[in-house]
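Structural overview
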Amino acid sequence: MNANHLIIGLGGTGGKIIRAFRKTIFQEFRKIDPPNVRLSYLYVDSSDELMRLDDPSWKVLGQSVQIPPTSQLLIKSSNLASILEDLPSYPGIQPWIGDKTIWRDILNSIIGDAIGGQKRRLGRFLFASHADEFCHRLTHLVNEIQKGGQQDVTFHVCCGLAGGTGSGTLIDCVSQIRKNYPNTLQYRIVLYTLLPEEHPKPNWNTGNYHANGYAALLELNALSVGKFYPCDIAGDGRKLEELKTPFNGCYVFTNFNENGLAVDISEDIPNILADFLYQKIVTVRNINWESLGRAENAENGDGNPETLPGSNDPVRSKRFLTFGVKRLSVPESEISEYIAFQFARQAALQLRYNNWSETDGFLADPRNLDMVSYVSSPEQLERWMLSDEHFILSSPILESDGVGSKWQPVSRYWMNVTTNLKEYVQGKETADKWLDRLKSLLDARFQEQYRGQGVKAFYETVNQSTRERAREIRQKLERELFSDWVNGTKSAYEISSLLGALIPHLKARFDRIEEEITKLKPQEEELAKRLAEQQKEWAKVGVISDMFGKRKRLFDAASTVLQDLYTVRTKIEGWQFAKKFLPAIIEEIVLLKADVDKAASMIAESIKAFEDQIAVRCSDQGAMIDLRKQVIRFYDPQLVKNVTKRLIKDQKEATTQTQRVRTAIAEMLGEKLDFKTLNERISKTVFLDTLERQCMENAKIAHNNLVHTESDRLIGVSIIEKLKERYADRQSLRLYLDNVVKAAGNYLLFNSDEKRRVGPGINPTAQIAVSNFTVILPKAPEMEDYIKVLKEVFFECIRNPSKEFIENDTRLNEIILVSITNLFPLRIVQHVSFLKSKYLERINGSDSKRARMELHIEGDGQTLPSLFVPTRTELEERLAPLLLLGMVLKEKEEDGTEREMLQKIETETGAMQLGFMQKDEYGFDQPVYLGGENFSETLSNIREEAGILLEQKVEALLKSPELKLEPKRKEVESEIVKKVNSLRGTIKPTDPKSRKLADWGKLAIKKVRGEL
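Report on the accompanying structure.

The rules behind the values
Residues numbered from 1 in each chain as written. Predicted model: local features only at pLDDT ≥ 70, side-chain atom pairs only at ≥ 80, totals over all residues. Heavy atoms only, no water. Helix = DSSP H or I, 4+ residues; strand = E, 2+ residues; numbered from the N terminus. Rg over C-alpha atoms; globule rule 2.2 N^0.38 Å. Buried < 20%, exposed > 50% of the residue type's maximum accessible area, 1.4 Å probe, protein only. Contact = heavy atoms within 4.5 Å. Areas by Shrake-Rupley, 256 points an atom, 1.4 Å probe, with all protein chains shown as cover. Lys, Arg positive; Asp, Glu negative; His and termini not counted. Charge placed at Lys NZ, Arg CZ, Asp CG, Glu CD. Axes fitted to C-alpha atoms, helices over the stretch in contact; angles between N-to-C directions. Parallel < 35°, antiparallel > 145°, perpendicular 65-115°, else oblique. Left-handed = near helix turned anticlockwise from the far one by under 90°. Nonpolar A, V, L, I, M, F, W, Y, C, P; charged D, E, K, R; others polar. Expected span 1.5 Å × (residues − 1). Bend = angle between axes of the 7 residues up to and from the residue. Polar contact = N/O pair within 3.5 Å; in protein donor to acceptor, adjacent residues only side chain to side chain. Phe/Tyr/Trp six-rings, centres within 6.5 Å; stacked < 30°, edge-to-face > 60°. Lys NZ or Arg CZ within 6 Å of the ring centre and 35° of its normal. Arc of directions from axis to C-beta. Pairing = 2+ DSSP bridges. Salt bridge = Lys/Arg side-chain N within 4 Å of Asp/Glu carboxyl O. Disulfide = S-S within 2.5 Å.

The helix and strand tally for the chain stands at 36 helices and 22 strands. Relative to its length of 1012 residues, the chain is extended, with a C-alpha radius of gyration of 47 Å against a globular reference of 31 Å. Dimensions of the chain, computed from the C-alpha atoms along their principal axes, are close to 185 × 75 × 50 Å. By residue count, 53% of the 1012 residues in the chain fall in the buried class. Of the contacts made within the chain by residues no fewer than 6 positions apart, 77% connect residues no fewer than 24 positions apart. As displayed, the chain has an accessible area near 44700 Å², and 49% of this comes from carbon and sulfur atoms. Of note, the chain has its 140 positive side-chain charges centred 3 Å away from the centre of its 143 negative side-chain charges.

Written as structure tokens, this is what we have:
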């Protein structure tokens, strides 16, 4: 089978099939491109309902599988009326468009943008307006999938036949593909056509619903046997007579299968066909499925069409197929993802709340912690550089602030300076000058030398760098908190709560700055007063007092006062600085909290996303059989949930797997480990992807480490193994598989009478409706005995005599059942008879001409071969106008004389019959007997073989140049009228033929005029 595939969806049904197929691919591979297959898509519709990029209906397991705009072709048009008024400028439309008067009525009935509206020719009109674009998209997509690989391409064209767009564009879609890619071996075209259901949903049938289906089948059949050559809508309008094998096969199907299973036409059918396409395109890569290719190429029997009686002229194609498909599957990928998303949710909960429970794992609620006391702790404040000493820059903040003697706390600084200067003064000055000299030196330190520039100048300078120091505090705090988050000590919620408690704590301390200054002012005044008193006392010290150590004691006391005075004065300046510094710190902490809250919010949203992902997985009833579902899921959802809960409750495993997640996040940040960088580099999507990827691995590891019993294993299990667990005895297995096999039956019912029909044009030796049932089983050599039983039971349940088993060693978790029936003409399809009745009802109504134009993409359908072997009544209806023409037309003899075409000719038995002469291969005249002596008798007895020869003879005479001239044409028309009037007297009034003579005469006249 080919590895390059282009799936083309026409109309709403085609779009739904593409959507369902893309969902199937994603469910199996968790990506839209399966390995070793080149896939592309083209969706053509007159409505953009399914084309919007944000259409939620394209989502599966939380992900959108919408096709890109380059694979969409919207064919609605607002200029159809202007095209009708200028048809010579549109050669691809002019030859087939039909009566402009009727078109004006059709276009006037359209509200808003033109859509197919269950009018097939309107659908073609819209498609023709975009034919060039279709061909351009087609070749572009084919070129893309052929790059770097093999060149063979299979085109899969999908549509419903009831509407105007899908049904109306199908013939041209196929024709344009084959025109551009004529090599039928390299470019295979397979069609998938949904027949209109008998009882459509309310408001679905707007008039042409069923008739459209039959008209489309008429054209498909005629196209296949070379009896219908559509105009080239993407070219000059010429007939595409060079098309060979327009399509390799055409699947037809309904919403009822042969075993009575009914499915929803809009919901289930797209999924069923999508799964069939999946098996044909994806599964087939790994198995040898020869019967499929042979069936689609009609190589498993006589694929020749049924013919006109007595000739090789094809009329009824046998390139039609139908199918049934079912999968019995352990949804391993979904189970793996269910566990992975539970793990991801746990990891996110740990990051968000870090609240462990022995019974439930990490909880979706925070721990109760006293953050107010925590942030008020002196040890914490000191470590975070948020102490009073840091606010007044008594302690350094920036690395450039220095350490040790370069930047000492205020109290220690003045203590050390005072001590050193005391020693200096005592060593350099006489005792009576000590105090003045010390005061002078300390004052110089305060005014000019404190930290290189004096106290006031220092604070004026650092006031310009409050933002830098505030950021340094924020960064130090953030590094610590982020480290706590990454190593699992604190959660994002706890960090946010911590900062939420810290901010008001700092604001409260800012509010107390004036209070601090107010406390220091009296101290400064008191110290200054004490110093003044000490200075007075100093001046009174005499020689005797000095001798007894009074000056020394007074100097020591005054030194202490000076030390305290300059310490207080420096702190007052420091607190004045803190008035501006602390707000900058608070602002940075607020920004930090905003970053933390942003990250926490992203984590919270991710938790919700993981919960949504969990909710859509393993949420069914498992092994409870719903045969309408395309995939019968064979597993125990409750077991999955129970085992998963055990896995997430294992604290050791939870610690390990959450640490892996945190490490993966940290690695993405590089050296900048902070919340701001986290928000900048890790979006919600990246966060989700990271946790999903890491937790997918975590889930597999945890499953392998902690699940020890075979009955609890969820991943890497065989469907064969699970079947054996549940159905160990043969009888219970047979009851189960019988239902599954029935559900995989063909979505088409056949008419047993038509299948048995024999007659001219039907090859009695050619088998029709050849069926094959394929069961694709996984290899399980260790369960050889059970496999043998399984095959035997399948063999008993499959009613089809042709059945095969294929082994697949890549899909251990599923069994695939596919039934295919091919090589049948549409006449044997039971539903086609119903569609025909609705078609005849529509075209025989009061607006017959308009109905035929709406139903057929060109012409009126009357020249298309019938899908059925004609009944006697149908044969009479077709041949009566020809018989009338044969009675009035004349043919020339070789000598130039004229004779009536139909004459009474004696048969071998001596009876007289109407007939005509026809030359054989050597040129001799041979009689063709029509079965009766007069019009009525002949019409009742004529055989189809003779009728075909009559038709050919009449058509040849109608091409006479003389009939192109009005006088001769009028003469023939007059003869037809006379003949009809004369025949009335020969046929009993009670004979139905009598009532139809006038209608047949009118048809004969139309043939003369070239109107039919």
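Attention now moves to the packing of helix α14 (residues 410–428) against helix α15 (residues 434–449). Close contact between α14 and α15 brings their axes to 10 Å; oriented N to C, the two are set at 140 degrees. Here α14 lies oblique to α15, going by the angle between them. Judged by the sense of rotation from one axis to the other, the crossing of α14 with α15 is right-handed. Where α14 abuts α15, its residues Tyr413, Trp414, Val417, Thr418, Leu421, Lys422, Tyr424, Val425 and Gln426 lie against Trp434, Arg437, Leu438, Leu441, Leu442, Arg445, Phe446 and Gln449. For the contact of α14 with α15, the per-class residue count stands at 11 nonpolar, 3 polar and 3 charged.

Turning next to helix α21 (residues 550–615). In this model, α21 (66 residues) spans 90 Å end to end at C-alpha, consistent with the 98 Å of a helix rising 1.5 Å per residue. The sharpest bend along α21 comes to roughly 40 degrees, located at Lys579, with the proline Pro583 sitting one to four residues further on.

What follows deals with unusual backbone geometry. Despite not being glycine, Ala769 has its phi angle at roughly 55 degrees, a positive value. If you trace the backbone, Ala769 turns up in the loop between α28 (752–756) and β15 (770–778). Relative accessible area serves as the criterion here: at 9%, Ala769 is assigned to the buried category. Even without a glycine there, the phi angle at Leu823 is positive, about 60 degrees. Within the secondary structure, Leu823 sits in strand β17 (residues 814–824). On the accessibility criterion, Leu823 (0% relative accessible area) is buried.

Bringing the side chain of Asn4 into the picture now. Relative to the assigned elements, Asn4 resides in strand β1 (residues 4–10). Separated by 2.4 Å, the side chain of Asn4 and the backbone oxygen of Gln150 make a polar contact. For Asn4, the side chain forms a polar contact with the main-chain oxygen of Asp152, separated by 3.0 Å. Discounting chain neighbours no more than four positions away, the residues touching Asn4 are Arg38, Ile145, Gln146, Gln150, Gln151, Asp152, Val153 and Thr154.

For the rest of this paragraph, the subject is the packing of aromatic side chains. To describe a pair of aromatic rings, you give the distance between the ring centres and the angle between the ring planes. Applying the stated criterion across every chain yields a total of 41 aromatic pairs. Between Trp485 and Phe675 the ring centres are 5.7 Å apart and the planes differ by 50 degrees, which places this aromatic pair in the tilted class. A residue pair is termed long-range when its members are at least 10 positions apart, and Trp485 in helix α17 (residues 466–486) and Phe675 in helix α24 (residues 675–681) qualify at 190 residues. Residue Phe675 is classed as buried on the basis of its relative accessible area of 1%. Members of the aromatic cluster, joined through ring pairs, are Trp407, Tyr413, Trp414, Phe446, Tyr450, Phe458, Tyr459, Tyr566, Phe577 and Phe581. Over the face of the ring belonging to Trp538 we find Arg551, whose NZ or CZ atom lies 4.6 Å from the ring centre. Stacked on the ring of Phe634, the Lys or Arg Arg726 has its end atom at 4.8 Å from the ring centre.

We now examine helix α35 (residues 966–984). Compared with the 27 Å implied by 1.5 Å per residue over 19 residues, the 27 Å span of α35 between its first and last C-alpha is a close match. Every buried residue of α35 is listed here: Val972, Glu973, Ile976, Val980 and Leu983. On an axial view of α35, the arc spanned by its buried residues comes to 100 degrees, and they lie on one face. Seen from the open side of α35, the exposed residues pointing more than 90 degrees away from its buried face are Pro967 and Lys978. In this fold, the buried residues of α35 make contact with α32 (872–888), α33 (935–941) and α36 (992–1009).

Here we come to the packing of α17 against helix α18 (residues 492–511). Between α17 and α18, the shortest axis-to-axis distance is 9 Å and the interhelical angle comes to 150 degrees. Considered as vectors, α17 and α18 are oriented roughly antiparallel to each other. Our pair here, α17 against α18, has a crossing hand that is right-handed. Here Leu477, Leu481 and Trp485 of α17 come into contact with α18, specifically with Ala492, Ile495, Leu498, Leu499 and Leu502. Of the residues that constitute the contact of α17 with α18, the class distribution is 8 nonpolar, no polar and no charged.

Here we take up the sheet that holds strand β21 (residues 912–919). With antiparallel pairing, the 3 strands of this open sheet are ordered in space as β20-β21-β22. Edge positions in the open sheet fall to β20 (903–906) and β22 (925–929), since each of these has one partner strand only. When the angles between neighbouring strand axes are averaged without regard to direction, this sheet yields 60 degrees. Against the sheet, helix α34 (residues 944–958) engages β21 and β22, with an angle of about 60 degrees to β21.

What follows covers the pairing of β21. As paired elements, β20 and β21 share 4 bridges and run antiparallel to each other. Pairing of Glu906 across the sheet is with Met912, part of β21. Linkage of β20 to β21, two consecutive antiparallel strands, is achieved through a turn of 5 residues, within which Gly910 is found at a positive phi near 95 degrees. Relative to β22, β21 runs antiparallel, the two being bridged by 5 bridges. The residue of β22 that forms the bridge with Phe916 is Val928. Count of turn residues in the β21/β22 antiparallel hairpin: 5 residues, of which Gly923 carries a positive phi of about 100 degrees.

On to the environment of Gln731, then. The residue Gln731 is located in helix α27 (residues 730–743) in this model. Among the residues examined, Gln731 registers a relative accessible area of 42% and is labelled partly exposed. Gln731 sits 62 residues away from Val793 along the chain, and the two C-alpha atoms are 8.9 Å apart.

On to the side chain of Lys318. On the secondary structure map, Lys318 appears in the loop between β10 (314–316) and β11 (320–329). Within the buried core, Lys318 has no salt-bridge partner, and the shortest N-O distance to an opposite charge, that of Asp302, equals 4.5 Å. A polar side-chain atom of Lys318 sits 3.0 Å from the main-chain carbonyl oxygen of Asp302. In this structure Lys318 touches Asp302, Gly303, Asn304, Pro305, Glu306, Ala766, Gln767, Ile768, Leu823, Phe824 and Pro825, once residues within four positions along its chain are discounted.

This paragraph deals with the pattern of salt bridges. In total, this model carries 79 salt bridges according to the counting rule given. We note a salt bridge from Arg345 to Glu611, for which the minimum N-O separation is 3.0 Å. Of this pair, Arg345 sits in helix α10 (residues 332–352) while Glu611 is found in helix α21, placing the two residues 266 residues apart along the sequence. On the accessibility criterion, Glu611 (30% relative accessible area) is partly exposed. In this structure, the salt-bridge partner of Glu573 is Lys456, at a minimum N-O distance of 2.6 Å. Of the two residues, Glu573 is situated in helix α21 and Lys456 in helix α16 (residues 455–462); the sequence distance between them amounts to 117 residues. On the basis of relative accessible area, Lys456 is assigned to the partly exposed category, the value being 43%. Put simply, Arg467, Arg471, Arg474, Glu478, Glu587, Glu588 and Asp595 are held in one network by salt bridges that share partners.

When you line up the elements, Pro91 lands in the loop between α2 (80–84) and α3 (100–108). For the pair formed by Pro91 and Ile233, sequence separation is 142 residues and the distance between their alpha carbons is 7.8 Å.

Turning our attention to the state of the cysteines. Using the criterion set out here, one finds 0 disulfides in the structure. We note that Cys158 lacks a disulfide partner, and the nearest cysteine sulfur, in Cys159, lies 7.9 Å from it.

Another point: the environment of Ser771. If you trace the backbone, Ser771 turns up in strand β15. Between the C-alpha atoms of Ser771 and Ala347, which are 424 residues apart in sequence, the distance is 53 Å. There is a polar contact of 2.5 Å between the side chain of Ser771 and the side chain of Thr821.

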